[in-house]
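Results of the structural survey
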Amino acid sequence: MNFRCVQCGHHIKSLYVQYSPGNIRLMKCQNCRAVADEYIECEIMILLIDLILHKAKAYRHLFYNMFDPKAMNFEGLMWKLTFWFLILDAYRISILLANSGYSASYPSLALLIWGCGKILLDAFVGNLLFISILLLGTRSLLNAFSEVSRYKNIWLAILASSYLKLFLIAMMVWEFPSSVIFIIDIFVLSSNTLALNVISESAMSKCFGVCLCAHAVKFLVSLALNIRLANLITL
Ligand SMILES: [Zn+2]
């Protein structure tokens, strides 16, 4: 098993010793001498709060210690998360369009369906560029990983650390100004940076540079396609 100490990221064989059901002793890290993973005894809410507070140790627990790689189908999870990531991005584009006042100007059902298809295509193109820049940046700026599984782990970490996008669902129920979307984007960028830092074990500045480039290109492509779509709708 490839567990990690959540404090320093050092490899550790086991996180705890179980004497009897409910009676465990947490192991200490040989590198930093701290308890290797205190989240084992914590409620899930503590982990969620620490993830929102951007604590690196919470991300280490999530990526290395929380799930058993033999019991989990990470490939299937990755495709499911990618699907919902795209849907949430498409929804984000539609909110931005609606807030710009273009949603009410669909003259027919056919054009509405065409508009939805175009939004999904925009989300797909934007994210294709996002993942390409992210993985190329990871390869050139960080260590040159050769294993495909390493790239999959990085993408899964980026997907998992984009959990704040779920806040967009709240926008279906309550009305928020468009600025909230940009605040969510900034939180997702910082969360992605920390996740990349934890999973790649590279310098934070390099991880920030890679994530910033990927997010900036996605944002600019999305903006350009949105302006084009808005122009087509109003024609
Ligand atoms: Zn340690």
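Conventions and cut-offs
Residues numbered from 1 in each chain as written. Predicted model: local features only at pLDDT ≥ 70, side-chain atom pairs only at ≥ 80, totals over all residues. Heavy atoms only, no water. UniProt positions renumbered as here; feature names shortened; annotations may be inferred. Salt bridge = Lys/Arg side-chain N within 4 Å of Asp/Glu carboxyl O. Helix = DSSP H or I, 4+ residues; strand = E, 2+ residues; numbered from the N terminus. Buried < 20%, exposed > 50% of the residue type's maximum accessible area, 1.4 Å probe, protein only. Polar contact = N/O pair within 3.5 Å; in protein donor to acceptor, adjacent residues only side chain to side chain. Contact = heavy atoms within 4.5 Å. Donors = N, O, S within 2.8 Å, 3.2 Å for Na, K, Ca; no water. Tetrahedral: all angles 85-135°; square planar, octahedral: opposite > 155°, others 65-115°. Core = buried A, V, L, I, M, F, W, Y, C linked by side-chain atoms within 4.5 Å. Domains from an automatic or database assignment.

Per an unreviewed UniProt entry, the protein goes by the name Protein ARV and belongs to Helianthus annuus. Heading Sequence similarities (unreviewed entry) of the UniProt record for the protein holds this comment: "Belongs to the ARV1 family."

1. A few points about the pattern of salt bridges
Considering all chains together, one arrives at eight salt bridges under this definition. Put simply, Lys165 and Asp89 hold a salt bridge, and the shortest N to O gap is 2.6 Å. Of the two residues, Lys165 sits in the loop between helix H5 (148–160) and helix H6 (167–173) while Asp89 sits in helix H3 (residues 74–99), which places them 76 residues apart along the sequence. Of the charged contacts in the structure, one is a salt bridge between Lys218 and Asp89, with a shortest N-O distance of 2.7 Å. Placement of Lys218 in helix H8 (residues 204–234) and of Asp89 in helix H3 is noted, with a sequence separation of 129 residues between them. In this structure Asp89 comes out as buried when scored by relative accessible area, which is 4%. Overlapping salt bridges bring together Asp89, Lys165 and Lys218 as one network.

2. Structural notes on the side chain of Lys165
On the basis of relative accessible area, Lys165 is assigned to the buried category, the value being 6%. Polar contacts involving the side chain of Lys165 include one to the side chain of Asp89, which spans 2.6 Å. Among all residues touching Lys165, those that are not within four sequence positions of it are Phe85, Leu88, Asp89, Ile184, Val188 and Lys218.

3. Considerations on the coordination of the zinc ion
Distances from the zinc ion to its protein donors, namely Cys5 (SG), Cys8 (SG), Cys29 (SG) and Cys32 (SG), fall within the range 2.2 to 2.4 Å. Around the zinc ion, the four donor atoms sit at angles spanning 106 to 120°, and that spread fits a shape best called tetrahedral. In primary-sequence terms, the residues that donate to the zinc ion follow C-x2-C-x20-C-x2-C. According to the relative accessible area criterion, Cys29 is buried, its value standing at 1%. On the accessibility criterion, Cys32 (31% relative accessible area) is partly exposed.

4. Topic: unusual backbone geometry
Not every positive phi belongs to a glycine, and His54 is a case in point at roughly 60°. Structurally, the position occupied by His54 is in the loop between helix H1 (44–52) and helix H2 (56–65). Accessibility expressed as a relative area gives 23% for His54, which makes it partly exposed. Despite not being glycine, Glu201 has its phi angle at roughly 55°, a positive value.

5. Comments concerning the nonpolar core
Most often, soluble globular proteins have nonpolar side chains that are buried together. With 30 residues, the main nonpolar core has Tyr59, Phe63, Leu134, Trp155, Leu196 and Ile199 as its most contacted residues. Among the elements that make up this core, the one with the highest residue count is H5 (seven residues). Both domain 1 (3–65) and domain 2 (74–234) contribute no fewer than three residues apiece to this core. Those residues in contact with Ile199 that lie beyond four places of it in its chain are Phe63, Tyr64, Arg150, Asn153, Ile154 and Ala157.

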